[in-house]
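Architecture at a glance
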Number of protein chains: 2
Amino acid sequence: MKFCSNCGAEVERRIPEGEDRERDVCPACHTIHYVNPKIICGCIPTVGDKVLLCKRAIEPRYGKWTLPAGFMENRETTEEGAAREMWEEAEARAVDMSLYRIFDVPHISQVYVFYRCEVLDGEFGAGSESLESKLYAEDEIPWDELAFPVVIEMLREFFEDRKTQDFPIRNSTIRYQHRRSG
Amino acid sequence: MKFCSNCGAEVERRIPEGEDRERDVCPACHTIHYVNPKIICGCIPTVGDKVLLCKRAIEPRYGKWTLPAGFMENRETTEEGAAREMWEEAEARAVDMSLYRIFDVPHISQVYVFYRCEVLDGEFGAGSESLESKLYAEDEIPWDELAFPVVIEMLREFFEDRKTQDFPIRNSTIRYQHRRSG
C-alpha cells in the first residue's frame, strides 16, 4: 500500500499509538489500514471411490493438478465459497458437504478451509481456470503432478481416513520450507 | 475504498473483465482491489471447572462479557492469534490449545475460529481492552450480559460437551437476525 484508500494521501509505515506493530497509517485523514490473512476455501469432491481433480489453466502451477479452491468472498460462508469455487473450476455442484480440514499457512498469511463433498449426478466440466477436470481413483492420483503441498497432504489423509470411514475435522500448520535443488 | 492504494487515483466500482461481481478497480493503474472476509480468532480459557471471561472496555458492547478474541494478524496461525488475543485482553497465557469451534458470520464477512485452552498457572489480569477478567463456573455465567451471539452459543455447547468430556470440532453459520424490540 502506497496511498490512503480513504483520502488518496501517501501513507506512512509506523506503529500506531496503543498498538504493537507497524501499519500503513494515513498522515492526512489518520486512517489505519489493517491487512489481515485471507481464507482459501475448497472441496474434496468425490464420485463413488474417485476424487475429482482440476488441471490448472492459471499460474502459479499452470498444468498441475489441484482440488477446486479459491479465495473466499465477502458475504458468503466457507461452505458457500467452497461450492462456488467447485462450480467455477470444475463446473460441478457440491452436495453433502462436511467440514474436513483446516490448514494455517502463516508465511503467506492464508488459512485453508476444505469440505468433503459429493458431485451432484457425477457431472463435471472445466471452468475457465482449468484446462480439464478428471476423476482419479487412489492408485491413479498423479502425486508428482499435484500443485500444492496442502493438496498432497489432504489427499493422503483423505484416503487414509476412508479406510475406516471416519473423517475427523483436523487442523495443522504448514511452515515455509526451502525447496531442495536437484 | 475511494482511492487506489497503489497509485492514488480515484477508483471505479465495476465488474472486471472475466469476473462476476463488482470490485473497486483503478482506471489509471488497472489494479483490482479485492476485499475478503476476516478471521476472528479466540479462546475458551479454563481454570479447573471455570471459564475466564473479559469485560469489554471498548465498543461495540462496552461493559459486556466476552471470550478473549480478535482479528487474526498476517504471518500468524489461528492458534497463535488466539493465544495473542488472550494475552492482550486477559493477560493470561494459553496452554493445551485444541481447535474447537468455527462460525461463519456472512452478513459481516467474518469467520470465527475458537480454541479450547487452559490458563497457564491460573494467572490472569486485564489488558487495555478489558475492564476486568473473571473466572465463572457454569452456574455463574452472566448469560444476559454476554457481548455476542457467538459467545453465548459457544459457551452453551462447551458446557454441554463437558458433561461427556467429548469436544468435537464443529462449524455452523450465524445469520443476521433483526433484534426484537421490547
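Just so it is clear, the structure is predicted and the values come from calculations on it, not from any experiment. (Residues numbered from 1 in each chain as written. Chains lettered and ligands numbered in written order. Predicted model: local features only at pLDDT ≥ 70, side-chain atom pairs only at ≥ 80, totals over all residues. Heavy atoms only, no water.)

**A look at the relation of the copies chain B and chain A**
The condition that has to hold: The copies are overlaid by a least-squares fit using only the C-alpha atoms of residues whose pLDDT is at least 70 in both copies. Pairs of residues are marked as contacts when any of their non-hydrogen atoms sit within 4.5 Å.
Structural alignment of chain B on chain A gives an RMSD of 0.0 Å, achieved by rotating through 180° and translating 0.0 Å along the axis. The operation mapping one copy onto its partner corresponds to a two-fold rotation axis. Of the residues that chain B buries at the interface, 100% are likewise interface residues in chain A, meaning the two copies contact each other through the same surface.

**Side note on the interface of chain B and chain A**
Think of interface size as the accessible area that goes away when the parts come together; that is how it is often given. Keep this limit in mind: Buried area: the sum, over both parts, of the accessible surface (1.4 Å probe) that disappears when the two are put together. One speaks of a salt bridge when a side-chain nitrogen belonging to Lys or Arg is within 4 Å of a carboxyl oxygen belonging to Asp or Glu. Identification of polar contacts relies on pairs of N or O atoms within 3.5 Å, with a donor-acceptor requirement for protein atoms, meaning one able to donate a hydrogen and the other able to accept it, and with residues adjacent in sequence counted only if both atoms are side-chain atoms. Secondary structure elements follow DSSP: runs of H or I of four or more residues count as helices, runs of E of two or more count as strands, with numbering from the N terminus.
Contacts between chain B and chain A engage 40 residues on the former and 40 residues on the latter. A buried area of about 3400 Å², summed over both sides, lies between chain B and chain A, and 46% of it is on carbon and sulfur atoms. In this structure, the connection of chain B to chain A is made through six salt bridges. Across the pair Glu73(B) and Arg23(A) runs a salt bridge whose closest N-O atoms are separated by 2.6 Å. Linking chain B with chain A are 24 residue pairs in polar contact (both at pLDDT 80 or more), by the criterion used here. Counting residues per element, the ones that place at least two in the side of chain B that touches chain A are strand 4 (38-47), helix 1 (78-90), strand 8 (94-105), strand 9 (110-119) and strand 11 (170-173) of chain B. Top contributing element to the side of chain B that touches chain A by residue count: helix 1 of chain B, with four residues.

**A closer look at the domain arrangement of chain A**
For the record, the criterion: How far each domain reaches was decided by an automatic or database domain assignment.
Each assigned domain of chain A is listed with its residue range as follows: domain 1 (1-35) and domain 2 (38-163). In this structure, domain 1 of chain A and domain 2 of chain A have C-alpha centres spaced 36 Å apart.

**Describing the sheet that holds strand 1 (residues 12-14) of chain A**
All names here are of chain A. Stated precisely, the cut-off is as follows: When DSSP finds two or more bridges between a pair of strands, those strands are recorded as paired.
Read across the sheet, three strands follow the order 1-2-3 without closing on themselves; strand pairing throughout is antiparallel. Unpaired on one side and paired on the other, strand 1 and strand 3 (32-33) mark the two borders of the sheet. Alignment of strand 2 (residues 23-25) against strand 3, held across two bridges, turns out to be antiparallel. Residue pairing across strands places Val25 opposite Ile32, the latter belonging to strand 3.

**So, the environment of Glu22(B)**
Residue and element names in this part refer to chain B. Within the secondary structure, Glu22 sits in the loop between strand 1 (12-14) and strand 2 (23-25). Between the C-alpha atom of Glu22 and that of Arg75, which follows or precedes it by 53 residues, the distance is 28 Å. Those residues within four positions of Glu22 in sequence are excluded, and the remaining contacts are Arg13, Arg14 and Ile15.

**Some details on a negative patch on the surface**
Put simply, the rule reads: Surface patches are drawn from residues lacking salt bridges whose relative accessible area is over 30%; two like charges belong together within 9 Å, two nonpolar side chains (Val, Leu, Ile, Met, Phe, Trp, Tyr) within 5 Å. Accessible areas in this description were obtained via Shrake-Rupley with a 1.4 Å probe; residue shielding takes into account the shown protein chains only. Residues counted as positive are Lys and Arg, residues counted as negative are Asp and Glu, and His and the chain ends are not counted. Where a charge lies is defined by one atom per residue type, namely NZ (Lys), CZ (Arg), CG (Asp) and CD (Glu). For each residue, the accessible area found with a 1.4 Å probe, counting protein chains only, is set against the maximum for its type, and the residue is called buried under 20%, exposed over 50%, and partly exposed in between.
On the surface, Asp49(A), Glu138(A), Asp139(A) and Glu140(A) cluster together into a negatively charged patch. Assessed through its relative accessible area of 73%, Asp139(A) is described here as exposed.

**Here's the deal with the sheet that holds strand 3 (residues 32-33) of chain B**
Residues and elements named next belong to chain B. Pairing in this open sheet of three strands is antiparallel, and the strands run 1-2-3 from one edge to the other. A single partner strand is all that each edge strand has here, and the edge strands are strand 1 and strand 3. With three bridges joining them, strand 1 and strand 2 adopt antiparallel strand pairing. Bridging from a neighbouring strand, Glu12 pairs with Val25 of strand 2.

**Things to note about the layout of surface pockets**
Residues and elements named next belong to chain A. Threshold: Lining residues are defined by having an atom within 4 Å of a point belonging to a cavity or pocket. Those points lie on a 1 Å grid over the protein atoms alone, cavities being sets where a 1.4 Å probe fits but cannot get out and pockets being open sets with protein on both sides within 12 Å along at least five of seven lines. Grid points are joined across faces, edges and corners, and a volume is the space filled by probe spheres set on the points. By the convention adopted, Pro, Cys, Tyr, Trp, Phe, Met, Ile, Leu, Val and Ala count as nonpolar, Lys, Arg, Asp and Glu as charged, and the other residues, Gly among them, as polar.
Considering only enclosed or pocket space, the second largest pocket measures out at about 840 Å³ in volume. Lining the second largest pocket are 35 residues, with Gly70, Phe71, Glu85, Glu89 and Glu129 positioned closest to its centre. Elements that contribute at least two residues to the lining of the second largest pocket include exactly strand 4 (38-47), strand 7 (69-71), helix 1 (78-90), strand 9 (110-119) and helix 2 (149-164). Top element by residues in the lining of the second largest pocket is helix 1. It accounts for five residues. Its residues assigned to classes, the lining of the second largest pocket comprises 14 nonpolar, seven polar and 14 charged.

**Considering empty space enclosed by the protein**
Scanning the model with the defined rule gives one cavity of 30 Å³ or more in all. Its volume calculated, the largest cavity comes out at about 60 Å³. Lining the largest cavity are Ile39(A), Leu99(A), Ile102(A), Val111(A), Val113(A), Ile39(B), Ile102(B), Val111(B) and Val113(B). Looking at side-chain class alone, the lining of the largest cavity contains nine nonpolar, no polar and no charged residues.

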